[in-house]
Each structure stands twice: as structure tokens, then as C-alpha cells.
Amino acid sequence: MSQSINFQNFNETDVREEILAPLIRALGYRSGSEHNVVREQSLRYPRAFLGRKNTKKDPILRGKADYILEAGSKVRWIIEAKSPDVEMDFDSIDQAYTYANHPEIRAVYFALCNGKRFIVFQTNQGPEAGALLNLTFEELQEKYQTIENLLSPHSILRDHPVLERDMGVPIGHGLRSVVRITNGVISYCGNSVNLPSLTELQIGISGGAIERNESGQMLAFLNTVAPTRSMQLLNQRLGLTSFEMISEDRYISNDSKTPTVFISDKTVILPAGERLLDINSWQEFVIPENIVCRVQTQASGHLQGNLFHGDFSSIMHYQNVDRLINLYGKYEMYVA
């Protein structure tokens, strides 16, 4: 774009071709591409609303966007070009807004440009709201990165992701039918063998998900990370670094008085000859013979915002020696 333009010789077509077209190309939009440009699109119903039977109460649109920009062929914003002698007053802004807000367009932003100024508004805030950007012609180059950060296809898709409709049964209040566990922590508070190391132990939850199986039961999949390599190896051998729990409850409760209960029951075999952590001495030892361990866990909790938290208890039954170790504590995990 030229640094110096005599706008006295400009008309609306000049604004489109000399200022807006280069800007649109620089931002990464091309006709017929994934980030498409539609020029002067006509509407099937060129009135402000759809579905009204009384057209006298449904005003005809007074404006038409010169450009509809489609980021990823999904999310739209528009630009309306004006002649340099047109004041970009509330009437002009309202015209552009009415078009951007039309049900056939549904643009997330609308912009106006008369060559001298380039202004951008957020559609869902209405024409009365202040402009997100209000730049002079000279500032189009000086502040191009600001424009790009708002209006490039990548930025549009980043700030306005297209959400797929979820037609499944929600996992809990305000949640989708499948939720992602983003992070959390398992805190051990006590054990039946009075081991201080287990009383102070915390295991991180690195991720997971909650969804339903074919029978409608809720399944929780958890991935955990221990604070030390030897403890991580022990948990891996016991099947506690990645495990699944099941619930007969229909939803995750948001009432602490009626918590949701998840259970897990699995049996693992620790083969002879492997090295394993002795939680009594905190030293590794060689397993002299196969050890069969049944691990039963129950966790009950409720949802508070996006935090699912509560109490848990585990019974580790070493069947070769018929020894039980009871563990209990608290957990919290964030879901999205």
C-alpha cells in the first residue's frame, strides 16, 4: 500500500482495489481457497430478520458487504467499503452491523473502510459498542501485526472455534457427553500399615477422560505420574499409571451429599526376578516369586464448577501372603 494517497481523487472502487484488496491478500484470504473471499453476495432474504410474515415490520437491508471473508470456510467476517467523502457515522456503522448480523451471514466481526479510516467492530456487541480497531490509513502498515492478530484466518479460528453439536447424554451439569480430564492430584492421607511415606504421598493426574460405554455406564480413564521414578515403576507394575474406573450412577453429581461413586477392581501379577520398590524401606528388591495382587479402589465425589473432587479408598490384597494394605485419601481433577 502506498504511503501517500490523495483521497480527493478516490472513489469507493478505488478504496476496494487499492487499499482493501491488498490488505485482504496480505492477511491470507484468496477466492476459492480454504480462506475464501466472497464479493458482494446477494441474500435470499434481503431483510433484517427471517421468518416474519409481516414484511412491513421487517426492514430491507440498506447495505451490502463488499467482502465476506471466510476463515477455514467456517467463520465469517465482513468489510464494507465506502467512498472517502462518506462519514463513518452511526448510520453507516448500523448498516454494516445489520448485514453482518443477518442470519444468512452471521459474521463475527464487521469492518468499514473509506480509505482514510479502517474500523472493526465485534458483531455480537452491537453497533453501539466501541470499535475493536480504529486506524488511519497510515496506521494500516504501522499496526499491521495488530490487524493480523485479530483478522487473519488463524486468529479468527483461534478466537472463534467452531464447536460441534453434542447430541449425547451429558456427563454432568454443564458438561458434554465426553469430558476431558486436564489435570489433578491424588493425595494419600493414611494407610493401614502406618507408613509415613504413603501418608505424605501425592500422585499427579496428567490427563484422561470420562465417557459412557454401550450400557450407559460412566467410565473414567486416568493417567497418573508419580513423584519419583521408582514409585512410577511400582505404580506401572500395579496398573495404576493408567487405569479405568466405572460408575453405575447416571451423572456426575454436583451435590456433596449425594456423591458419584466410581469403582475399579483389577488383579495384576508381578513376575519373579523383576526389581521393585519396597515401600517399607524405600529400597528396590528382586521379587523372589510371582506375586498376585488384587487392587480394589472406590472413589466418591461431586462436581464444583469444572472441579471434580472427593475421597477415595484402596485395598491392595497380596494373595500369595494373604496380606491386605488399605490406603485412603482425597483427589481432585479438572474437567473440560
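Residues numbered from 1 in each chain as written. Predicted model: local features only at pLDDT ≥ 70, side-chain atom pairs only at ≥ 80, totals over all residues. Heavy atoms only, no water.

Moving on: helix 4 (residues 144-151). Residues of helix 4 that are buried include every one of Ile147, Leu150 and Leu151, and no others. Taken down its axis, helix 4 places every buried residue within 75 degrees of arc, on the same side. (Buried < 20%, exposed > 50% of the residue type's maximum accessible area, 1.4 Å probe, protein only. Helix = DSSP H or I, 4+ residues; strand = E, 2+ residues; numbered from the N terminus. Arc of directions from axis to C-beta.)

Let's shift gears to the environment of Ile93. Considering the arrangement of structural elements, one finds Ile93 in helix 2 (residues 90-100). When the C-alpha positions of Ile93 and Leu307 are compared, they lie 43 Å apart, and in sequence the two are 214 residues distant. Discounting chain neighbours no more than four positions away, the residues touching Ile93 are Met88, Phe110, Leu112, Ile119, Phe121 and Pro127. (Contact = heavy atoms within 4.5 Å.)

Further remarks concern the packing of helix 1 (residues 12-27) against helix 4. The contact between helix 1 and helix 4 brings their axes to 10 Å, and the two run at 65 degrees. Viewed along their axes, helix 1 and helix 4 adopt a mutual orientation that is roughly perpendicular. Pair helix 1 / helix 4 crosses with right-handed handedness. When helix 1 is examined against helix 4, the residues Leu23, Ala26 and Leu27 are found in contact with a partner set consisting of Tyr144, Ile147, Glu148 and Leu151. For the contact of helix 1 with helix 4, a count of residues per class yields six nonpolar, no polar and one charged. (Axes fitted to C-alpha atoms, helices over the stretch in contact; angles between N-to-C directions. Parallel < 35°, antiparallel > 145°, perpendicular 65-115°, else oblique. Left-handed = near helix turned anticlockwise from the far one by under 90°. Nonpolar A, V, L, I, M, F, W, Y, C, P; charged D, E, K, R; others polar.)

In this structure the tally under the stated criterion is 10 salt bridges. For Lys143, the salt bridge goes to Glu139, with nearest N and O atoms at 3.6 Å. The exposure class assigned to Lys143 is partly exposed, which follows from its relative accessible area of 37%. Taking relative accessible area as the criterion, Glu139 reaches 18% and is therefore assigned buried. Residue Arg158 pairs with Asp159 through a salt bridge whose shortest N-O separation is 2.8 Å. On the basis of relative accessible area, Asp159 is assigned to the partly exposed category, the value being 36%. It is possible to trace a salt-bridge network through shared partners that takes in Glu12, Arg16 and Asp66. (Salt bridge = Lys/Arg side-chain N within 4 Å of Asp/Glu carboxyl O.)

We now examine the sheet that holds strand 6 (residues 133-136). Read across the sheet, six strands follow the order 1-2-3-4-5-6 without closing on themselves; strand pairing throughout is mixed. Single-partner strands in this sheet number two, and they are strand 1 (36-39) and strand 6. Within this sheet the neighbouring strands show an average axis-to-axis angle of 15 degrees, counted without direction. Relative to strand 4 (residues 107-113), strand 3 (residues 75-81) runs parallel, the two being bridged by six bridges. In the sheet register, Arg76 faces strand 4, and the bridge partner there is Ala107. Helix 1 rests against strand 1, strand 2 (67-71), strand 3, strand 4 and strand 5 (117-122) of the sheet, and its axis sits at about 150 degrees to strand 3. (Pairing = 2+ DSSP bridges.)

Here the focus is the side chain of Ser177. In this fold, Ser177 is placed in the loop between helix 5 (153-159) and strand 7 (179-191). Setting aside chain neighbours within four positions, we find Ser177 in contact with Asp166, Gly168, Val169, Pro170, Ile171, Ile210 and Glu211.

The subject of this paragraph is the nonpolar core. Counting 43 residues, the largest nonpolar core has Ile210, Leu238 and Met316 as the members making the most contacts within it. Counting residues in each nonpolar core, the second largest holds 32 residues, with Phe7, Leu27, Leu69 and Trp77 among its members. (Core = buried A, V, L, I, M, F, W, Y, C linked by side-chain atoms within 4.5 Å.)

The next thing to look at is the packing of aromatic side chains. Applying the stated criterion across every chain yields a total of eight aromatic pairs. The interplanar angle of 70 degrees and the centroid separation of 5.7 Å between the aromatic rings of Phe308 and Tyr331 together place this pair among those described as edge-to-face. With Phe308 in strand 15 (residues 307-318) and Tyr331 in strand 16 (residues 323-335), the pair connects residues that are 23 residues apart, well separated along the chain. Ring-pair connections join several aromatic residues into one group, and the members of that group are Phe7, Phe10 and Phe137. (Phe/Tyr/Trp six-rings, centres within 6.5 Å; stacked < 30°, edge-to-face > 60°.)

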